[in-house]
Amino acid sequence: MTTTNTGHDHPRSREEFDWRAFLRGWSAEWADAADPAVVDGHGLREARERRWLGFGPADPKALAVWEARAGGALPPSFRAFLEVTDGWRMTGTPVWLLAGTEGVSDETGSGGRSLRLTDDSARVDVVLDPLDVAEDGEWAVRVRVAGSRAEPVRYPSFRAYMESVHERFLADADAQADADALDADVDRARRLALAGDPDGALALLAPAVRARHPRALSIQEQLTELLGLPPGGERAAPVGDTAYTVRELLPKRCLTAKRWTSLGSVPNLEGVRRDFPAVDPAVVEPVLHAVADGTYRHTVEGPFGEVVARAREFARWGCVDEAWATLRDGMREWRPYDDEEQVAPLGLVADGVLGPLLTPGRARELLTSSRTAAVAVTAKPDGLAWLVAEDRRFEFKWWLVLARGVEPADLPRVLGTERGLSPHPVTVARRLETAFHPPAPPLVMKDRPGKLVVPGIPANGLPSAAAVGRAGQDTEGEGWAFALVEMAGRGVMRSPAPAASAVSGGLVLSVGSTLNLDPDVPTLRVTAAEAGRIVWEVTAGPPGITEPEARGEVPPALDPRRHLAAGTATRDPAAPARWLCKALAAEFGVSVSRDAVVLGRLHSLEVPPWSSSPFTP
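What you see is a predicted model; the values in this text were computed from it and never measured.

**Student:** Looking at this structure, I do not really get the overall build of the protein chain. What am I missing?
**Tutor:** Within the protein chain one finds 19 helices and 18 strands. Each of the 617 residues in the protein chain was classed as buried or not, and the buried ones make up 49%. Counted over contacts in the protein chain with a minimum sequence separation of 6, partners at least 24 positions apart contribute 63%. Total accessible area on the protein chain stands at roughly 29700 Å², and carbon and sulfur atoms take up 53% of it.

In structure tokens form, the structure reads like this:
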């Protein structure tokens, strides 16, 4: 059975169809769309210059010879075609050259001679069939893949065949023009992204993304991930085993796998492997597991790699502002791995230390800042007041130790813990485990009135997990280290200040919150110790519940009795505690980064339980 193409079955006389105008238009369309850099072979370069895909008219004597061999007149549309051009360059199709009178061959069949218009090297056979003749004398054209057993495609005439090829050419040209336009849009979008306009880049990428343009999908993935926007749907397939694929895209995809993994489960390694078929599984697996447990560290070649290392060193000790300023200013050193698709240091989002600090707001600032000039550091330190901010409920007490002249790595020795500093962060699970250790039996009242004893738990409490980092410098250039326990259990806070100060030899401040009837209203107690003894202590809390107290040589700016109006003027019962935190930060130049504690992956320390020390001014 023959497949028939009826789209051009409109019999017309040769006088009604202007072959010259039709072929001239086709040639002009091709010449305008052809790329000069790739036009070569089959005389196409000359054809583009002449804007003509054909040749000269066929010799009338040659036409007469072929009509004699065919046993009658040639099909009208084919003969009219030959009178305009003796052959045709069929660009963009499996038939590179449609034969004229010199290339036509006849094939003897039952009832007549068919005319084959392609040579033996062509991948497609185009044949005029003398056994399939219409009333107007047109022969059908049959097109089949050379050597194929499939039924050929039938066209009612040579003209119908040529018009069909021309329409396919126009469709392909339109598609190529659209593809070229999309390529140009993607190039412009990448330039916009690199120039600091991620929103403009995303808007320009939208049509290319809908068309599943690979580079557009890749650039969109980078921008939406960093800006915290919803994924744009389909993702681009990684290309090969490139530096960008392995160092930037692979960690990010591993982070995505982690996000889609339930808590406590191992991310799907096979899924990530399928995303990166060209990357050695021995490379994929350790990255996936490192991202899953938070130990992945993003590495970059060149000067920007040094910037990342410096920023991480700041962040690991809680100096988020310094880490952020280092990254932001260091973007002038950043270079993409390729000139096609990378627009940002995507791998940073998977870094266990820096990734959590790269909030959408900060990422937007990175993407909108200049890549060629340093940006002035304008960030203000967080101070300590955020510890009693309105959005932090105080179902659990918190405990902050500040040690002057001490490096964070020395805090285990200063605080007297047998275990050293851990590179792992204080997770919720560990906080709950170390702070509560809920017993199986109920609480048991022992012989001392009011004394609650939990079987299996020491009388002086359990160790607590603390986040560790740097807390800035004072006016004399002395650095501070901090240890913060955010969930320190219930009961009265115990102070490590005297013993810690005896070890460090410097000033140690212990800031502890206690719970009141209202969980949103904490009472703070600050204990200052030097050389193993408490030198002053202050207490501030909600008016009517906690009386302000100051003992020892308290710095005037920290005496709560001079600031009784702090709670009544604002009618905010948490104001005294917030004031004390602000005054403490201003007096000693200390600051703990909120982002470092809430979002970051600070080193941790198991702080031992402490018994209360007598006040000895």
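Here the narrative resumes.
**Student:** Explain empty space enclosed by the protein to me, please; I cannot follow it from the model alone.
**Tutor:** Empty space among the atoms becomes apparent when a probe as large as a water molecule is rolled across them. As enumerated under the stated definition, the model contains three cavities of 30 Å³ or more in all. Its boundaries defined by the atoms lining it, the largest cavity holds a volume of some 60 Å³. For the lining of the largest cavity, the leading source of residues is helix α12 (residues 320-330), giving four residues.

**Student:** Sorry if this is basic, but what is going on with the packing of helix α1 (residues 19-33) against helix α5 (residues 158-194) here?
**Tutor:** Each pair of packed helices can be summarised by the angle the axes make with each other and by the distance between the axes. Packing of α1 against α5 brings their axes to within 11 Å, and their N-to-C directions diverge by 20°. Compared by their axis directions, α1 and α5 come out roughly parallel. Regarding α1 and α5, the two cross each other, and that crossing is left-handed. Across from Trp19, Phe22, Leu23, Trp26, Glu29 and Trp30 in α1, the residues of α5 making contact are Phe158, Arg159, Met162, Glu163, Val165, His166, Phe169 and Leu170. Here the contact of α1 with α5 is built from residues that sort into 10 nonpolar, one polar and three charged.

**Student:** When you look at unusual backbone geometry in this model, what are you seeing that I'm missing?
**Tutor:** Not every positive phi belongs to a glycine, and Arg212 is a case in point at roughly 60°. Note that Arg212 resides in the loop between α6 (198-210) and α7 (214-227). Classification of Arg212 as exposed rests on a relative accessible area of 58%. Even without being glycine, Ala531 reaches a positive phi, approximately 55°. Tracing the chain through its elements places Ala531 in the loop between β15 (523-530) and β16 (533-540). Owing to a relative accessible area of 63%, Ala531 belongs among the exposed residues under this scheme.

**Student:** Help me out: how do you make sense of the pattern of salt bridges in this one?
**Tutor:** Note on pairing: side chains with opposite charge can pair once their charged atoms come close. On inspection of all chains with the given rule, the structure shows 24 salt bridges. In this structure, Arg159 and Glu163 form a salt bridge, with 3.2 Å as the shortest nitrogen-oxygen distance. Of this pair, Arg159 and Glu163 both sit in helix α5, four residues apart, which is roughly one turn of that helix. Salt bridges linked by common partners bring Glu221, Glu225, Lys252, Arg253 and Asp275 together as one network.

**Student:** Sorry if this is basic, but what is going on with the environment of Ala216 here?
**Tutor:** For Ala216, the location among the structural elements is in helix α7. Exposure remark for Ala216: the relative accessible area of 0% places this residue in the buried category. In this structure, the C-alpha to C-alpha distance between Ala216 and Arg235, residues 19 residues apart in sequence, is 9.5 Å.

**Student:** Could you clarify how one ought to interpret the packing of aromatic side chains in this entry?
**Tutor:** Note on aromatic pairs: each is described by the distance of the centres and the angle between the planes. All chains considered together, the criterion is met by 16 aromatic pairs. Ring centres 5.5 Å apart and planes at 80° place the aromatic pair Trp52 and Trp88 in the edge-to-face group. Remark: Trp88 occurs in strand β2 (residues 88-89) and Trp52 occurs in the loop between α2 (44-50) and α3 (60-70); sequence separation between them is 36 residues. Like Trp52, the residue Trp88 is buried in the burial classification. Grouping aromatic residues by their ring pairs yields a cluster made of Phe17, Trp19, Phe22, Trp26, Trp52, Phe78, Phe81, Trp88, Tyr155, Phe158, Tyr161 and Phe169. Between Arg24 and the ring centre of Trp52, over which it is positioned, the NZ or CZ distance is 4.2 Å. Here the guanidinium or amino end of Arg69 rests over the ring plane of Trp66, the centre of that ring lying 4.4 Å away.

**Student:** Which parts of the structure should I look at to understand the pairing of strand β14 (residues 508-514)?
**Tutor:** A regular strand places its side chains on the two faces of the sheet in alternate fashion. A large share of β14 lies buried, amounting to six of its seven residues. With seven bridges joining them, β14 and β15 adopt antiparallel strand pairing. If you follow Val508 over to β15, its bridge partner there is Ala529.

**Student:** Would you take a moment to explain the sheet that holds β15 for this structure?
**Tutor:** Across a sheet, strands are paired by hydrogen bonds formed along the backbone, either parallel or antiparallel in direction. A sheet is described by the order of its strands in space; here eight strands give the open sequence β17-β16-β15-β14-β9-β13-β12-β18, paired in antiparallel fashion. With one partner strand each, in any of the chains shown, β17 (549-552) and β18 (603-607) form the two edges of the open sheet. Adjacent strand axes in the sheet meet at a mean angle of 20° when their direction is disregarded. Taken together, the five bridges between strand β12 (residues 464-473) and β18 define a ladder with antiparallel strand orientation. Note that in β18 the partner of Ala465 across the bridge is Glu606.

Criteria and cut-off values
- Residues numbered from 1 in each chain as written.
- Predicted model: local features only at pLDDT ≥ 70, side-chain atom pairs only at ≥ 80, totals over all residues.
- Heavy atoms only, no water.
- Helix = DSSP H or I, 4+ residues; strand = E, 2+ residues; numbered from the N terminus.
- Buried < 20%, exposed > 50% of the residue type's maximum accessible area, 1.4 Å probe, protein only.
- Contact = heavy atoms within 4.5 Å.
- Areas by Shrake-Rupley, 256 points an atom, 1.4 Å probe, with all protein chains shown as cover.
- 1 Å grid on protein atoms, 1.4 Å probe; cavity = no way out; pocket = protein on both sides within 12 Å on 5 of 7 lines; lining within 4 Å.
- Points joined across faces, edges and corners; volume = space filled by probe spheres on them.
- Axes fitted to C-alpha atoms, helices over the stretch in contact; angles between N-to-C directions.
- Parallel < 35°, antiparallel > 145°, perpendicular 65-115°, else oblique.
- Left-handed = near helix turned anticlockwise from the far one by under 90°.
- Nonpolar A, V, L, I, M, F, W, Y, C, P; charged D, E, K, R; others polar.
- Salt bridge = Lys/Arg side-chain N within 4 Å of Asp/Glu carboxyl O.
- Phe/Tyr/Trp six-rings, centres within 6.5 Å; stacked < 30°, edge-to-face > 60°.
- Lys NZ or Arg CZ within 6 Å of the ring centre and 35° of its normal.
- Pairing = 2+ DSSP bridges.

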